[in-house]
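These are the residues of each chain, in order.
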Amino acid sequence: MAEHRSMQRAALLDAARSLLSEGGTEALTFPALAERTGLARSSVYEYFRSRAAVVEELCEVDFPVWAAEVASAMERAPSAEGKVEAYVRQQLALVGDRRHRAVVAISASELDAGAREKIRAAHGGLVAMVVEALGDMGHGQPRLAAMLLQGVVDAAVRRIELGAAEDPSVVTDAAVAMALRGVRG
């Protein structure tokens, strides 16, 4: 029984990812979740008491996976500068990923404090890794530089997601160039 429940919970989370990546947080409703999974709406309430609870669990499950992919790309880089580049490239490489799109949709929405805190913590972990790399590069204000660097990444994410005129690889290369030139300054 427990295994069946965890499979249904996983199916609900997967349906939530799809709904979020297709239509943002407005698309994430219990009727839509019920329809996607073939469960009765009352069953959806047995797993999650609210939309916020779905969002919070997605943050708990997906954000660390996404952050770990960025961390692992940074760890493979041979130099501090390579780590900064990996930090930018890997985040932008994940833009097409449904998990990432769901996380971005969640980040842009009105969240309860618990979910916001989880996102902040995971994001903080990412930023901390790049702060260290910037410090190793001899940057005078690595924490400030890391925040500004994340701003460049966020802008590039939005540009790619909008399906802007440029190819995603062009946006990525521009963001990397701007990041590296900026942090060397």
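Since this is a predicted model, take the numbers as computed values, not measurements.

Rules behind the numbers
Residues numbered from 1 in each chain as written. Predicted model: local features only at pLDDT ≥ 70, side-chain atom pairs only at ≥ 80, totals over all residues. Heavy atoms only, no water. Helix = DSSP H or I, 4+ residues; strand = E, 2+ residues; numbered from the N terminus. Buried < 20%, exposed > 50% of the residue type's maximum accessible area, 1.4 Å probe, protein only. Contact = heavy atoms within 4.5 Å. Polar contact = N/O pair within 3.5 Å; in protein donor to acceptor, adjacent residues only side chain to side chain. UniProt positions renumbered as here; feature names shortened; annotations may be inferred. Phe/Tyr/Trp six-rings, centres within 6.5 Å; stacked < 30°, edge-to-face > 60°. Lys NZ or Arg CZ within 6 Å of the ring centre and 35° of its normal. Salt bridge = Lys/Arg side-chain N within 4 Å of Asp/Glu carboxyl O.

Take the environment of Ala-93 next. In this fold, Ala-93 is placed in helix α5 (residues 80–93). Relative accessible area serves as the criterion here: at 57%, Ala-93 is assigned to the exposed category. In this structure the C-alpha to C-alpha distance between Ala-93 and Met-129, which are 36 residues apart in sequence, comes to 18 Å.

Of the positions making up helix α2 (residues 30–37), those classed as buried are Phe-30, Ala-32, Leu-33 and Ala-34. The secondary structure elements touched by the buried residues of α2 are α1 (2–27), α3 (41–47) and α4 (51–76). Sitting at the head of α2, Thr-29 places a side-chain oxygen 3.1 Å from the backbone nitrogen of Ala-32. After α2 finishes, the residue Gly-38 shows a positive phi value of roughly 75°.

With numbering matched to this structure, UniProt assigns "domain: HTH tetR-type" (unreviewed entry) to residues 6–66. Between the C-alpha atoms that bound residues 6–66 there is a distance of 21 Å. The span itself is 87% helix and 0% strand.

Let's shift gears to the packing of aromatic side chains. All chains considered together, the criterion is met by 2 aromatic pairs. When the centroid spacing of 4.4 Å and the interplanar angle of 55° are considered together, the rings of Phe-30 and Tyr-45 count as tilted. Of the two residues, Phe-30 sits in helix α2 while Tyr-45 sits in helix α3, which places them 15 residues apart along the sequence. Geometrically, the ring pair formed by Phe-63 and Trp-66 is edge-to-face, given 4.9 Å between the ring centres and 65° between the ring planes. Residue Phe-63 and its partner Trp-66 are both found in helix α4; the two are separated by 3 residues, about one turn of the helix. Judged by relative accessible area, which is 6%, Trp-66 ranks as buried. Directly above the aromatic system of Tyr-47 lies the positively charged group of Arg-5, at a separation of 4.4 Å from the ring centroid. Here the guanidinium or amino end of Arg-9 rests over the ring plane of Phe-48, the centre of that ring lying 4.7 Å away.

Its location among the elements puts Met-74 in helix α4. In the structure, Met-74 is positioned 59 residues away from Ala-133 in sequence and 9.2 Å away in space, judged by C-alpha atoms. Beyond its immediate chain neighbours, meaning those up to four positions away, Met-74 contacts Lys-83, Ala-86, Tyr-87, Met-129 and Val-130.

The subject of this paragraph is the pattern of salt bridges. Close approach of charged atoms lets side chains of opposite charge pair. Taken as a whole and judged by the stated rule, the model has 8 salt bridges. Measuring nitrogen to oxygen at the nearest pair gives 3.2 Å for the salt bridge that ties Asp-14 to Arg-17. With a gap of 3 residues between them, Asp-14 and Arg-17 both fall in helix α1, about one helical turn apart. With a relative accessible area of 33%, Asp-14 lands in the partly exposed category. The partner of Asp-173 in a salt bridge is Arg-89, with the nearest N and O atoms 3.1 Å apart. Linking Asp-173 in helix α9 (residues 168–184) with Arg-89 in helix α5, this pair joins segments that are 84 residues apart in sequence. Accessibility expressed as a relative area gives 40% for Asp-173, which makes it partly exposed.

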